[in-house]
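Structural description and commentary
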Amino acid sequence: MRKIVYYVATSIDGFISGPNGDISTFVGEGSGLTKYQADLKEYDTVIMGKNTYEFGYQFGLKPGQRAYQHMTHYIFSNQLMLENPDPKVHVYPVELEKILEIKNGSGTDIYLCGGGEFAGWLLDNDLVDVLKVKLNPIVLGEGTRLFGHSQKRLKLELLDSEQFENGLQIITYSIIKPGK
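Attention in this report is confined to the structure presented alongside it. All of these numbers come straight from a predicted model, not from anything done at the bench.

Helix and strand counts for the protein stand at four helices and ten strands. Secondary structure elements of the protein occur, N-terminal to C-terminal, as β-β-α-β-α-β-β-α-β-α-β-β-β-β. For a compact globule of 180 residues, the expected C-alpha radius of gyration is about 16 Å, and the protein comes in at 16 Å, within 12% of that figure. The principal-axis extent of the C-alpha atoms belonging to the protein is close to 45 × 40 × 30 Å. Sequence separation of at least 24 residues holds for 72% of the intrachain contacts in the protein that already meet a minimum separation of 6. Counting every atom, the protein has about 9,700 Å² of accessible surface; 49% of that belongs to carbon and sulfur. In the protein, 18 side chains carry a positive charge and 22 a negative one; their mean positions are 4 Å apart.

This is the structure we're talking about:
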């Protein structure tokens, strides 16, 4: 079964963006960012929620386009409608069955882009397998939480930790599933 890898930038206090989606204080250059971009080439599938997909509009993404040209996109939303999307952009209602179908399909591990509420929903349903955090040396105080409003408690196993200039770290954890 393919793993869902939540690979996400976060502040020290656990926010993936500040108020109104502000990411201006996150590390935006350097070898850590280069590593992240290279790591993304390992995935052939990306899943995300509506808010994450639409966040890309601020950076020139047009509705229906792929944010990552080499990946098939699955966007989960009960409201998003796209006219004439790219053939590799699919929109589905937020349902466990479709997520499980993707996980059971062939291909690489699955990149969970963005996060917040959708990541929290996946976590609550024991569907996130790996947490790969780009830990930024900032404290935001408020904004979008790493796992939205999820209250789930986790045990993690450290798999890898790398440090980069600008204080950025990429820390990889395996999520220990209940009963294991």
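The subject of this paragraph is helix H4 (residues 117-124). Within H4 the residues assigned to the buried category are Phe 118, Ala 119, Gly 120, Leu 122 and Leu 123. Check the buried side of H4 and you find it contacts strand E1 (4-10), strand E3 (45-49), strand E4 (72-76), helix H3 (96-104), strand E6 (110-112) and strand E10 (169-176). One or two positions beyond H4, positive phi appears at Asp 126, with a value near 55°.

Residue Asn 20 is not a glycine yet carries a positive backbone phi of 60°. Among the structural elements, Asn 20 can be located in the loop between strand E2 (15-17) and helix H1 (31-40). Of note in the backbone geometry, Asn 84 takes a positive phi value of approximately 50° without being a glycine. Structurally, the position occupied by Asn 84 is in the loop between E4 and strand E5 (89-92).

Secondary-structure assignment places Thr 72 in strand E4. Leave out the neighbours within four places in its chain, and Thr 72 touches Asp 44, Thr 45, Val 46, Lys 88 and His 90.

So, how was this worked out
- Residues numbered from 1 in each chain as written.
- Predicted model: local features only at pLDDT ≥ 70, side-chain atom pairs only at ≥ 80, totals over all residues.
- Heavy atoms only, no water.
- Helix = DSSP H or I, 4+ residues; strand = E, 2+ residues; numbered from the N terminus.
- Rg over C-alpha atoms; globule rule 2.2 N^0.38 Å.
- Contact = heavy atoms within 4.5 Å.
- Areas by Shrake-Rupley, 256 points an atom, 1.4 Å probe, with all protein chains shown as cover.
- Lys, Arg positive; Asp, Glu negative; His and termini not counted.
- Charge placed at Lys NZ, Arg CZ, Asp CG, Glu CD.
- Buried < 20%, exposed > 50% of the residue type's maximum accessible area, 1.4 Å probe, protein only.

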